[in-house]
Amino acid sequence: MSVFDASAGYELAFSYRDVPAEVDALLAWHGGAVRTSLELAAGPGDHALELARRGIATATLDLSPAMCARVAERAAAEGLTLTRVVRADMTDFAVDETFDLVFCLIDSLAHVLTLESLIGHLRSVRRTLAPGGTYVIESLHPADGFQPGSRTDTEWTTERDGISAHIRWGRGDEPIDPLTQVTHLLVTLDVAGPGGATHHEELMAQRFWTVDELTAAARIAGLEVTERYGDFAGNPLDHPHAWRLISVLRAA
Ligand SMILES: C[S@@+](CC[C@H](N)C(=O)[O-])C[C@H]1O[C@@H](n2cnc3c(N)ncnc32)[C@H](O)[C@@H]1O
């Protein structure tokens, strides 16, 4: 069973993020009015739901049926409308609508394992961008790729309403295969509360993508990387506290 099947536990484990501030940054990086948005590999869809709360017509896409069900259930519970919840593979998808803002967060791009798939992914995104549209990718900071575990915590606990989620995203020092740039991480998620405890674990393949690979693949797909940041505060990639690789892409 995938860790992503434990959609509510995953949602709690990743609830440490300042979602409204991150959404402010996504909107600012787009630069103009955002009327429509699409979150790729959306998981439980925290950012998509925040955009919907702000009156932006928002859709989500994810491969996991449990994650698609979770985001739909959360939207319904809040009385929010998502324009669509698409179950699809982000490496090759088509949606018969275009969007001002498309985004893929928290290194979900690492689930794209080959160059062909990355180009397929970016071509799919290019087709879904409205004129003047923006695609924002948040991926692993290059320092973590070349020196695993150097910037990002790989183990933490979050708590809410008497329920705790403990997640371990590998050990933080797994080697990256020098030929494929793929690393295999044992991901464990333990959720405990008054109703009992659950344990999920999965050996997950993830690919580390370099700055130049993203630039080159974007060009092949008809996109251009116009800005890069090291975090959601907009610090540069070489800032000492930069811990993410945020790429802003637009049609070439
Ligand atoms: C680390 S979670 C991130 C969820 C969400 N973006 C967030 O910020 O919390 C990765 C998500 O990617 C989804 N995923 C993995 N491979 C995918 C693929 N090929 N196409 C679409 N979604 C995929 C998983 O189901 C999971 O929901």
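Residue numbering note: each chain is counted from 1, following its sequence as written. Where local features are concerned, this predicted model is filtered to residues with pLDDT of at least 70; where side-chain atom pairs are given and counted, the filter is 80 or more; whole-chain, interface and lining totals use all residues. Note that water and hydrogens are dropped before the side-chain values are worked out from all heavy atoms of the structure.

## A short note on the sheet that holds strand β7 (residues 163-169)
When DSSP finds two or more bridges between two strands, those strands count as paired. A run of DSSP states H or I qualifies as a helix once it reaches four residues; a run of E qualifies as a strand once it reaches two. Both are numbered from the N-terminal end. The antiparallel open sheet is built from 4 strands, whose spatial order is β6-β7-β8-β9. The open sheet is flanked by β6 (155-160) and β9 (196-207), the only strands paired with a single partner. Strand-to-strand, the axes of this sheet are offset by a mean angle of 15 degrees, without reference to chain direction. Sheet topology places β6 next to β7; 6 bridges connect them, and they run antiparallel. Paired with tryptophan 156 across the strands is isoleucine 167, a residue of β7. Axis geometry follows a simple rule: fit a line to the C-alpha atoms, using only the stretch in contact for helices, then measure angles between N-to-C directions, giving values from 0 to 180 degrees.

## A few points about the UniProt feature "domain: Methyltransferase" (unreviewed entry) in the protein
Taking the numbering used here, the UniProt-annotated feature "domain: Methyltransferase" (unreviewed entry) corresponds to residues 38-133. A distance of 11 Å separates the end C-alpha atoms of residues 38-133, which is 38% helix and 25% strand. UniProt positions are given in the numbering used here, feature names are shortened, and annotations may be inferred rather than shown by experiment.

## Describing the site of the ligand
Working definition: residue near molecule or strand if any one of its non-hydrogen atoms lies within 4 Å of it. Around the ligand, the structure places 18 residues, and the nearest of them are Tyr10, Arg17, Ala41, Asp62 and Met90. What qualifies as a polar contact is a pair of N or O atoms within 3.5 Å, subject to a donor-acceptor requirement within protein and to the restriction that residues adjacent in sequence count only when both atoms come from side chains. In the environment of the ligand, an oxygen atom lies 2.9 Å from a nitrogen or oxygen atom belonging to the side chain of tyrosine 10. Within the backbone of methionine 90, one N or O atom sits 2.8 Å away from a nitrogen atom of the ligand. The Shrake-Rupley method, run with a 1.4 Å probe sphere, supplies the accessible areas, and residue values consider only the shown protein chains as cover. With the chains in place, 94% of the 600 Å² that the ligand exposes on its own is no longer accessible. Each residue receives one of three labels: charged for Asp, Glu, Lys and Arg, nonpolar for Ala, Val, Leu, Ile, Met, Phe, Trp, Tyr, Cys and Pro, and polar for the others, Gly being one of them. Grouping the amino acids of the shell around the ligand by side-chain chemistry returns 10 nonpolar, 4 polar and 4 charged.

## Topic: the packing of aromatic side chains
What counts as a ring pair is set by centres within 6.5 Å for rings of Phe, Tyr and Trp (its six-membered ring), and what kind of pair is set by the plane angle: stacked under 30 degrees, edge-to-face over 60, tilted for all other angles. This model, assessed by the stated rule, comprises 10 aromatic pairs. Centroid distance tyrosine 16 to tryptophan 156: 5.5 Å. Interplanar angle 80 degrees. Geometry classified as edge-to-face. Of this pair, tyrosine 16 sits in the loop between α1 (7-13) and α2 (19-30) while tryptophan 156 is found in strand β6, placing the two residues 140 residues apart along the sequence. For tryptophan 156, a relative accessible area of 17% corresponds to the buried category. Three or more aromatic residues joined by ring pairs make a cluster, and in this case those are Phe4, Tyr10, Phe14, Tyr16, Trp156 and Trp169. Exposure categories follow from relative accessible area, calculated using a 1.4 Å probe and restricted to protein chains: below 20% of the type maximum is buried, above 50% is exposed, and the middle band is partly exposed.

## Notes on the packing of helix α3 (residues 46-53) against helix α4 (residues 65-78)
For the pair α3 and α4, the least separation of the axes is 10 Å and the interaxial angle reads 30 degrees. Taken together, the axes of α3 and α4 lie roughly parallel to each other. Along this stretch, α3 crosses α4, giving a crossing that reads as right-handed. From α3, Asp46, Leu49 and Arg53 reach across to α4, where they touch Val71, Arg74, Ala75 and Glu78. Per-class residue counts for the contact of α3 with α4 are 3 nonpolar, no polar and 4 charged. For classification, angles of less than 35 degrees are called roughly parallel, those exceeding 145 degrees roughly antiparallel, those between 65 and 115 degrees roughly perpendicular, and all remaining angles oblique. Left-handed is the label given to a crossing in which the near helix is rotated counterclockwise from the far helix by less than a right angle, and right-handed is the label when the rotation is clockwise. Here, two residues are considered to be in contact whenever any of their heavy atoms come within 4.5 Å of each other.

## Here we look at the pairing of strand β4 (residues 99-104)
Buried residues dominate β4, accounting for 6 of its 6 residues. Across 4 bridges, strand β1 (residues 36-40) lies against β4 in parallel orientation. Among the inter-strand pairings, leucine 38 is bridged to a residue of β4, identified as valine 102. Handedness of a crossover is defined as follows: orient the strands so they point away from the viewer, and if the path from the first strand over the helix to the second runs clockwise, the crossover is right-handed. Handedness of the β-α-β unit built from β4, helix α5 (residues 115-128) and strand β5 (residues 129-140) comes out right-handed.

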